[in-house]
Amino acid sequence: MAQLTTPRTSRRPGVRWWRGAVLLLAGVYFVVPLAAAGYFSVDDPKGFSFEAYTGLLSAEGFLDSLWLTLGLAVATVLVLLLLLVPALIAVRLGAPRLRPVIDVLCTLPLVVPPVALTAGLIGVLRWGPDYLMDTPFFQTFVFVQDPDFPLVLVIAYVLMSLPLAYRALDAGLRAVDVRTLVEAARNCGASWPRAVFTVVLPNLRGALLNASFLTLALVLGEFTAASILGYQPFPVWIYSVGNSQAHMSVAVSILSLLITWLLLLLLATVGRERGKKTTS
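Please read these numbers as outputs of a predicted model, since none were measured by experiment. (Residues numbered from 1 in each chain as written. Predicted model: local features only at pLDDT ≥ 70, side-chain atom pairs only at ≥ 80, totals over all residues. Heavy atoms only, no water.)

Undergrad: Is there a simple way to think about the nonpolar core in this case?
TA: Nonpolar side chains tend toward joint burial in soluble globular proteins. In this structure, Leu72, Leu84, Ile89, Leu153, Leu169 and Val178 are the most contacted members of the largest nonpolar core, which totals 52 residues. Looking at this core, the elements with two or more residues in it are α3 (62-94), α5 (114-131), α6 (137-144), α7 (151-174), α8 (178-187), α9 (192-203), α10 (205-221) and α11 (224-229). The biggest single contributor to this core is α7, with 13 residues. Leave out the neighbours within four places in its chain, and Ile89 touches Leu173, Val178, Val196, Val200 and Leu201. With 10 residues, the next largest nonpolar core counts Ala59, Leu66, Trp237 and Met248 among its residues. (Core = buried A, V, L, I, M, F, W, Y, C linked by side-chain atoms within 4.5 Å. Buried < 20%, exposed > 50% of the residue type's maximum accessible area, 1.4 Å probe, protein only. Helix = DSSP H or I, 4+ residues; strand = E, 2+ residues; numbered from the N terminus. Contact = heavy atoms within 4.5 Å.)

Undergrad: Can you help me understand empty space enclosed by the protein in this one?
TA: Take a probe with the size of a water molecule and roll it over the atoms, and the empty space left behind shows itself. Tallied over the entire structure, the rule returns 1 cavity of 30 Å³ or more. What the largest cavity holds in volume is close to 30 Å³. Around the largest cavity, the lining residues are Leu84, Val85, Leu88, Leu169, Leu173, Leu204 and Leu208. Of all the secondary-structure elements, those providing two or more residues to the lining of the largest cavity are α3 and α7. Per element, the largest residue contribution to the lining of the largest cavity is 3 residues, and it comes from α3. Taken together, the residues of the lining of the largest cavity break down into 7 nonpolar, no polar and no charged. (1 Å grid on protein atoms, 1.4 Å probe; cavity = no way out; pocket = protein on both sides within 12 Å on 5 of 7 lines; lining within 4 Å. Points joined across faces, edges and corners; volume = space filled by probe spheres on them. Nonpolar A, V, L, I, M, F, W, Y, C, P; charged D, E, K, R; others polar.)

Undergrad: Hey, could you run me through α8 in this one?
TA: Because the α-helix completes a turn every 3.6 residues, residues three or four places apart line up on one side. Among the residues of α8, those classed as buried are Val178, Val182 and Ala185. Each buried residue of α8 sits inside an arc of 65 degrees when the element is viewed along its axis, so together they form one side. Those residues of α8 that are buried are in contact with α3, α7 and α9. (Arc of directions from axis to C-beta.)

Undergrad: Teacher, can you tell me more about the packing of helix α4 (residues 99-107) against α7 here?
TA: Two elements in contact, α4 and α7, have axes whose closest approach is 8 Å; the angle formed by their N-to-C orientations is 145 degrees. From α4, Arg99, Ile102, Asp103, Leu105, Cys106 and Thr107 reach across to α7, where they touch Leu162, Pro163, Tyr166, Arg167 and Arg174. Considered class by class, the residues forming the contact of α4 with α7 number 6 nonpolar, 1 polar and 4 charged. (Axes fitted to C-alpha atoms, helices over the stretch in contact; angles between N-to-C directions.)

Undergrad: I keep staring at the environment of Ser253 and nothing clicks. Help me out?
TA: Relative to the assigned elements, Ser253 resides in helix α13 (residues 246-279). Sequence separation between Ser253 and Ile238 is 15 residues; the distance between their C-alpha atoms is 7.3 Å.

Undergrad: How should I be thinking about the pattern of salt bridges in this particular structure?
TA: Side-chain pairing between opposite charges can occur once the charged atoms of the two side chains come close. Counted under the stated rule, the structure contains 3 salt bridges. For Asp170, the salt bridge is made with Arg92, and the minimal N-O distance between the two is 3.1 Å. Within this pair, whereas Asp170 is found in helix α7, its partner Arg92 is found in helix α3, the two being separated by 78 residues in sequence. Arg92 carries the same exposure label as Asp170, and that label is buried. In this structure, Arg167 engages Asp103 in a salt bridge whose closest nitrogen and oxygen atoms are separated by 3.0 Å. Of this pair, Arg167 sits in helix α7 while Asp103 sits in helix α4, and the two are 64 residues apart along the sequence. In this structure Arg167 comes out as partly exposed when scored by relative accessible area, which is 41%. Because the salt bridges share partners, they merge into one network encompassing Arg92, Asp170 and Arg174. (Salt bridge = Lys/Arg side-chain N within 4 Å of Asp/Glu carboxyl O.)

Shown next as C-alpha cells:
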C-alpha cells in the first residue's frame, strides 16, 4: 500500500519576511539620523536654505584641509602597499614559518589606543631635537613635522590602518596559490619582478582595492592623532567649523559620508565586473 506523503511547505516566505524586516530596521537606523542631519543643515528661520552647501568652496580652510587629507590618504595607501605586498609575498614564497610573526606584528596596533600611539609619537618627536641637535638626523625630525604636509601623520595613519590592510591582503593571498603562479611564470621564462607584477598582482586586484579603500576611509575619518599633534586635516577642520558654523559642519559631514559611500559602491562595482570577466 502506497504511503501518502504530505508536501513539504517551503520556508522561503518566512525567511524573506525576516530579511525584509532586518533590512527595514537597518535602513531606519541609518537613514533617520542622516535625514535629520540633512534637515538640520538646510533648516533656516526664513525657510529652507542651501547656504551651508553653496558656501563650502569659499569657506576658509575647506579646500586646503581637503587636499591635505587626500594627499595624506594617497601617501598612506602607497606606503602601506609598498611595505605589506612585498613582505607578504616574500613570506608566502620563502619563509612560511614567519607568517605567525607577521600576523602578530601587523595586528599589534589594534591593542594600542590612538591616544597612546600619538603620545608615543610626541615623545619621540620631543626626544629627537634634544639628543640629535648636532647630527644630520635633526633635519629629519624637522622635515616630518612640516605643516604643509606632515609626514608624521602618515606614520600614524600607517600604524593605525596596518591591521585593516593586512587582513584584506592576507585574505586575498589565501585565495591565490602564489607559489604555483610564480613557478609557472618562472618556467615560462619570466624574471622574479615580472612574475610578481604580471601574474601575482593582477590576481590580488580585489585585495589591493579593499586594503586601499579601508585605509582611505580611516584617513578621511581620523581625528585623534591629527588633533593632538596640532594639524588640521579635513576631520579636524570639520570639528573647528562646528564650533562656529554648525550648519556647515553638518553639511560637510554628510558630503564626506556620501563620498565614502560612493567609493564603496565603486569598489563593489569594480569587483563585480572583474568577477563577471573571470567567470565568462
